[in-house]
Amino acid sequence: QKEVEQDPGPLSVPEGAIVSLNCTYSNSAFQYFMWYRQYSRKGPELLMYTYSSGNKEDGRFTAQVDKSSKYISLFIRDSQPSDSATYLCATDSWGKFQFGAGTQVVVTP
Amino acid sequence: SAVISQKPSRDICQRGTSLTIQCQVDSQVTMMFWYRQQPGQSLTLIATANQGSEATYESGFVIDKFPISRPNLTFSTLTVSNMSPEDSSIYLCSVEDPGTGISGANVLTFGAGSRLTVL
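Computed from a prediction, not measured in an experiment: that's the story for all the values here. (Residues numbered from 1 in each chain as written. Chains lettered and ligands numbered in written order. Predicted model: local features only at pLDDT ≥ 70, side-chain atom pairs only at ≥ 80, totals over all residues. Heavy atoms only, no water.)

### Regarding the overall build of chain B
Working step 1: For chain B, the helix and strand inventory stands at zero helices and 11 strands.
Working step 2: Order of helices (α) and strands (β) in chain B, N terminus to C terminus: β-β-β-β-β-β-β-β-β-β-β.
Working step 3: Relative to the compact-globule value of 14 Å for 119 residues, chain B shows a C-alpha radius of gyration of 14 Å, a close match.
Working step 4: With respect to the principal axes defined by its C-alpha atoms, chain B has extents near 45 × 30 × 25 Å.
Working step 5: Of the roughly 5600 Å² of accessible surface on chain B, a fraction of 49% belongs to carbon and sulfur atoms.
Working step 6: Looking at charge distribution, chain B has the averaged site of its 7 positive side-chain charges lying 9 Å from that of its 9 negative ones. (Helix = DSSP H or I, 4+ residues; strand = E, 2+ residues; numbered from the N terminus. Rg over C-alpha atoms; globule rule 2.2 N^0.38 Å. Areas by Shrake-Rupley, 256 points an atom, 1.4 Å probe, with all protein chains shown as cover. Lys, Arg positive; Asp, Glu negative; His and termini not counted. Charge placed at Lys NZ, Arg CZ, Asp CG, Glu CD.)

### Regarding the nonpolar core
Working step 1: V25, W34, I46, F66, I68, L78 and Y91 of chain B are the most contacted members of the largest nonpolar core, which has 26 residues in total.
Working step 2: Broken down by element, the residue count for this core peaks at four residues, all from strand β3 (residues 19-25) of chain B.
Working step 3: Those residues within four positions of I46 of chain B in sequence are excluded, and the remaining contacts are W34, Y35, R36, T56, Y57, E58, F61, F66, L78 and Y91 of chain B.
Working step 4: V13, L21, W35 and L74 of chain A belong to the second-largest nonpolar core, a separate cluster that totals 22 residues. (Core = buried A, V, L, I, M, F, W, Y, C linked by side-chain atoms within 4.5 Å. Buried < 20%, exposed > 50% of the residue type's maximum accessible area, 1.4 Å probe, protein only. Contact = heavy atoms within 4.5 Å.)

### Some words on the state of the cysteines
The bond known as a disulfide is covalent and runs between the sulfur atoms of two cysteines.
Working step 1: For the structure shown, the criterion picks out two disulfides over all chains.
Working step 2: Linked covalently through their sulfurs, C23 of chain A and C89 of chain A form a disulfide whose S-S length is 1.9 Å. Residues C23 of chain A and C89 of chain A are joined through a disulfide that is left-handed, its torsion about the S-S bond being -100 degrees. On the criterion of sequence distance, the pair formed by C23 of chain A in strand β3 (residues 19-25) and C89 of chain A in strand β9 (residues 85-93) is long-range, its members being 66 residues apart.
Working step 3: Here C23 of chain A falls in the buried class, since its relative accessible area comes to 1%.
Working step 4: For C89 of chain A, a relative accessible area of 0% gives the class buried.
Working step 5: Paired through a disulfide, C23 of chain B and C93 of chain B show a sulfur-sulfur distance of 1.9 Å. As the torsion about the S-S bond is roughly -70 degrees, the C23 of chain B-C93 of chain B disulfide counts as left-handed. In this pair, C23 of chain B sits in strand β3 while C93 of chain B sits in strand β9 (residues 89-96), placing the two residues 70 residues apart along the sequence.
Working step 6: Take C93 of chain B: its relative accessible area is 0%, and that puts it in the buried class. (Disulfide = S-S within 2.5 Å.)

### Details of the packing of aromatic side chains
Two aromatic rings are characterised by how far apart their centres lie and by the angle between their planes.
Working step 1: Applying the stated rule across the entire model yields 11 aromatic pairs over all chains.
Working step 2: Geometrically, the ring pair formed by Y25 of chain A and F30 of chain A is tilted, given 5.9 Å between the ring centres and 55 degrees between the ring planes.
Working step 3: Connected via pairs of aromatic rings, a cluster forms that spans Y36 and F99 of chain A together with Y35 and F110 of chain B. (Phe/Tyr/Trp six-rings, centres within 6.5 Å; stacked < 30°, edge-to-face > 60°.)

### With respect to the pairing of strand β1 (residues 4-7) of chain B
All names here are of chain B.
Working step 1: On β1, burial follows the alternation: I4 and Q6 on one face are buried, whereas S5 and K7 on the facing-out side are not.
Working step 2: By the bridge criterion, four bridges tie β1 to β3 in an arrangement that is antiparallel. Directly across from K7, in β3, lies its bridge partner Q22. (Pairing = 2+ DSSP bridges.)

### Some details on unusual backbone geometry
Working step 1: Looking along the chain, the bond that leaves G9 of chain A and enters P10 of chain A is cis, with omega of 10 degrees.
Working step 2: Position of P10 of chain A among the secondary structure elements: in the loop between β1 (4-6) and β2 (11-14).
Working step 3: Put simply, K7 of chain B and P8 of chain B share a cis peptide bond, and its omega is 5 degrees.
Working step 4: The phi dihedral of D78 of chain A is positive, around 45 degrees, even though this residue is not glycine.
Working step 5: Its place among the elements puts D78 of chain A in the loop between β8 (71-76) and β9.
Working step 6: The residue N82 of chain B is not glycine, and still its phi comes out positive at about 45 degrees.
Working step 7: Inspection of the secondary structure puts N82 of chain B in the loop between β8 (75-80) and β9.

See the structure below:
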């Protein structure tokens, strides 16, 4: 069983819609949670970082962590074609990072 | 945050050959990480490279196949040896970046990756 599970998509949404991305993880020792965005032919870049249950908001992006369910989410409001990318969830436990496989998101104009 | 330059950005290689990927960071870092990214799969850590010591390899990766050099605190190389089509992948260099402004956080910054195709 993978330590971090993520639906690979692709997820196609019209411009302006809300994008909802999810990951589950198996190890309750994971303490920190991240979302990375990866554009085609680029490396992953950090998008959101959180270390507690609850919501964290940054502009159009909201990261949500539910440690009791071992569930992490990313919501993108008012999606734009420039949000088309692969989104990877990741966890960190004492410097050991585990990544999801990434969900490809396509926002159509 | 750190800026990482990787080269080559892409290459097409013949079976049985070897290719060395270079990673240059614009600041001194203790550890550098090499990841492999295969289509539809999670980023997989190959090894951790510390300056002045041998790299630490993850399960399933061996030094003979993926020799790593770390001559100083800003540079590392990963060689993919005796390549087969199964080695076709994106290889990513990464560093832990304290310059993100997130107190106490370990976050990774990545290079743009090296896309290898082995025929």
